[in-house]
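# Summary of structural features
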Amino acid sequence: QVQLVESGGGLVQAGGSLRLSCAASGSIFHISDMGWYRQVPGKQRELVAIITRGGSSNYADYVKGRFFISADNAKNTVYLQMNSLKSEDTAVYFCNVALYDRYFSLKDYWGQGTQVTVSS
């Protein structure tokens, strides 16, 4: 079993910053990539940013230049630094980890989600 523990969400004023963290633990053999998604009620979950084990990253266009993803591979932890937050960034943010278990099976895990609310 793999557990993902997220932290760092909350309420912030527009223009402010927040940092999300997600730590993975459990039966992990090798992490392929880690990412952040977000979802608002009535809409599909969408990719915010993703980072590979090697450090390559990709961002959704609407967060480029404002959000920055990083990872501490030794700690199996991924971070999302969110700057210049806008009201439209309000959503539940989910951590996602794609990893190989000890049987070399690629599996996908999700965090419980953390609420980010940006007040205008």
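All values reported here derive from a predicted model rather than from experimental measurement.

## Here's the deal with the overall build of the protein
Assigned secondary structure in the protein consists of zero helices and 11 strands. When the elements of the protein are put in sequence order from the N terminus, they spell out β-β-β-β-β-β-β-β-β-β-β. Since a compact globule built from 120 residues should have a radius of gyration of about 14 Å, the 14 Å found for the protein is in line with a globular shape. Summarising its shape, the C-alpha atoms of the protein cover approximately 50 × 25 × 20 Å along the three principal directions. Counting every position in the protein, which comprises 120 residues, the buried fraction comes to 40%. Intrachain contacts of the protein at a sequence separation of at least 6 include 54% that bridge at least 24 residues. Total accessible area computed for the protein in this model is approximately 6,400 Å², and 49% of it derives from carbon and sulfur atoms.

## Observations regarding empty space enclosed by the protein
For the coordinates displayed, the defined rule picks out one cavity of 30 Å³ or more. Estimated volume of the largest cavity: approximately 40 Å³. Along the walls of the largest cavity sit Ile-31, Ser-32, Asp-33, Met-34, Ile-51, Thr-52, Arg-53, Ala-71 and Asn-73, which together make up its complete lining. The set of elements that each furnish at least two residues to the lining of the largest cavity consists of β4 (30-39) and β5 (46-52). At four residues, the largest contribution of residues to the lining of the largest cavity is made by β4. Along the lines of polarity and charge, the residues of the lining of the largest cavity split into four nonpolar, three polar and two charged.

## Here's the deal with the pairing of strand β10 (residues 106-110)
One ladder, built from five bridges, connects strand β9 (residues 91-100) with β10; its direction is antiparallel. By the bridge assignment, Ala-98 is partnered in β10 with Asp-108. Between the end of β9 and the start of β10, which pair antiparallel, lie five residues, with Phe-104 showing a positive phi angle near 60 degrees.

## Regarding the state of the cysteines
This structure, assessed with the given rule, holds one disulfide. Each sulfur in the disulfide pair Cys-22 and Cys-95 lies 2.1 Å from the other. Residues Cys-22 and Cys-95 share a disulfide whose torsion about the S-S bond is about -80 degrees; that sign makes it left-handed. Pair noted here: Cys-22 is in strand β3 (residues 18-26) and Cys-95 is in strand β9, with a separation of 73 residues, a long-range link. Owing to a relative accessible area of 0%, Cys-22 belongs among the buried residues under this scheme.

## Comments concerning the side chain of Arg-38
In this fold, Arg-38 is placed in strand β4. In this structure Arg-38 comes out as buried when scored by relative accessible area, which is 7%. Polar side-chain contacts of Arg-38 include one of 2.9 Å to the side chain of Tyr-93. Apart from the residues within four sequence positions on either side, Arg-38 is in contact with Gln-44, Arg-45, Glu-46, Val-48, Tyr-62, Val-63, Phe-67, Glu-88, Asp-89, Ala-91, Val-92 and Tyr-93.

Reading guide: rules and limits
- Residues numbered from 1 in each chain as written.
- Predicted model: local features only at pLDDT ≥ 70, side-chain atom pairs only at ≥ 80, totals over all residues.
- Heavy atoms only, no water.
- Helix = DSSP H or I, 4+ residues; strand = E, 2+ residues; numbered from the N terminus.
- Rg over C-alpha atoms; globule rule 2.2 N^0.38 Å.
- Buried < 20%, exposed > 50% of the residue type's maximum accessible area, 1.4 Å probe, protein only.
- Contact = heavy atoms within 4.5 Å.
- Areas by Shrake-Rupley, 256 points an atom, 1.4 Å probe, with all protein chains shown as cover.
- 1 Å grid on protein atoms, 1.4 Å probe; cavity = no way out; pocket = protein on both sides within 12 Å on 5 of 7 lines; lining within 4 Å.
- Points joined across faces, edges and corners; volume = space filled by probe spheres on them.
- Nonpolar A, V, L, I, M, F, W, Y, C, P; charged D, E, K, R; others polar.
- Pairing = 2+ DSSP bridges.
- Disulfide = S-S within 2.5 Å.
- Polar contact = N/O pair within 3.5 Å; in protein donor to acceptor, adjacent residues only side chain to side chain.

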